[in-house]
Amino acid sequence: MEETIPALLELAWAINIRDISKTLRCACKKLFTDADVPMPTRIVRAEAVRIVGTEFYNLGKARGGEQYDVKKDMEDVKARAEVAVMTTMAKAQGQEVNTDDTEDLIKQAKNMRAEVEKMKENPVREDGK
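From a predicted model like this one, the values you see are computed outputs, not experimental measurements.

A. Layout of the pattern of salt bridges. Across all of its chains, the model carries 5 salt bridges by this definition. Between Lys30 and Asp34 there is a salt bridge, with the nearest N and O atoms lying 3.9 Å from each other. For Arg50, the salt bridge is made with Glu47, and the minimal N-O distance between the two is 2.6 Å. Of this pair, Arg50 and Glu47 both sit in helix H2 (residues 39–62), separated by 3 residues, roughly a single helical turn. Residue Arg50 is classed as partly exposed on the basis of its relative accessible area, which comes to 46%. For Glu47, a relative accessible area of 37% puts it in the partly exposed group. Among the ionic contacts, a cluster of salt bridges with common partners joins Lys30, Asp34 and Arg45.

Next comes the structure, spelled out in structure tokens:
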């Protein structure tokens, strides 16, 4: 299962990019070619889209563009999946779980996984050394 997570993340990313691109294309076509709206309104719409696009571009550039760490993303997906199972079970038992609780559980799951990885890298021998 762990070997397939990077491929699944790549697939999800590709699907999201395609969906977002198609949505933007359709929305822009509607915004800019709506015959029921006067030309000055369409120009204002175009300027608004330019501003939003610039902000998305700047934010993406500030965060490294298309560079992302598949291993880090994979760990996040695993932690979120584990927490999703735990919260589903808790809710099925009648317990209330809010978003803050869920985020705390995700952080704890990531920290625990990191500790396990450290222990694997630097195992403690029986003689304590």
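B. Seen up close, the packing of helix H1 (residues 5–33) against H2. Relative orientation of the contacting elements H1 and H2 amounts to 150 degrees, with a least axis distance of 8 Å. The angle between H1 and H2 places the two elements in the roughly antiparallel class. Every residue of H2 that contacts H1 at Cys28, Lys30, Leu31, Phe32 and Thr33 is listed here: Arg42, Arg45, Ala46 and Val49. Among the residues making up the contact of H1 with H2, the classes are represented as 5 nonpolar, 1 polar and 3 charged.

C. Geometry of helix H4 (residues 99–121). In this model, H4 (23 residues) spans 33 Å end to end at C-alpha, consistent with the 33 Å of a helix rising 1.5 Å per residue. Along H4, the residues that are buried comprise Ile106, Ala109 and Arg113. By the N-cap criterion, in which a side-chain oxygen at the helix start approaches the backbone nitrogen of a residue two or three places on, H4 is capped by Asn98, the distance to Asp100 being 3.0 Å.

D. Summary view of the environment of Met112. As for its placement among the helices and strands, Met112 is situated in helix H4. Residue class for Met112 comes out exposed when judged on its relative accessible area of 58%. Separated by 33 residues in sequence, Met112 and Ala79 have C-alpha atoms that sit 9.6 Å apart.

About the cut-offs
- Residues numbered from 1 in each chain as written.
- Predicted model: local features only at pLDDT ≥ 70, side-chain atom pairs only at ≥ 80, totals over all residues.
- Heavy atoms only, no water.
- Salt bridge = Lys/Arg side-chain N within 4 Å of Asp/Glu carboxyl O.
- Helix = DSSP H or I, 4+ residues; strand = E, 2+ residues; numbered from the N terminus.
- Buried < 20%, exposed > 50% of the residue type's maximum accessible area, 1.4 Å probe, protein only.
- Axes fitted to C-alpha atoms, helices over the stretch in contact; angles between N-to-C directions.
- Parallel < 35°, antiparallel > 145°, perpendicular 65-115°, else oblique.
- Contact = heavy atoms within 4.5 Å.
- Nonpolar A, V, L, I, M, F, W, Y, C, P; charged D, E, K, R; others polar.
- Expected span 1.5 Å × (residues − 1).
- Polar contact = N/O pair within 3.5 Å; in protein donor to acceptor, adjacent residues only side chain to side chain.

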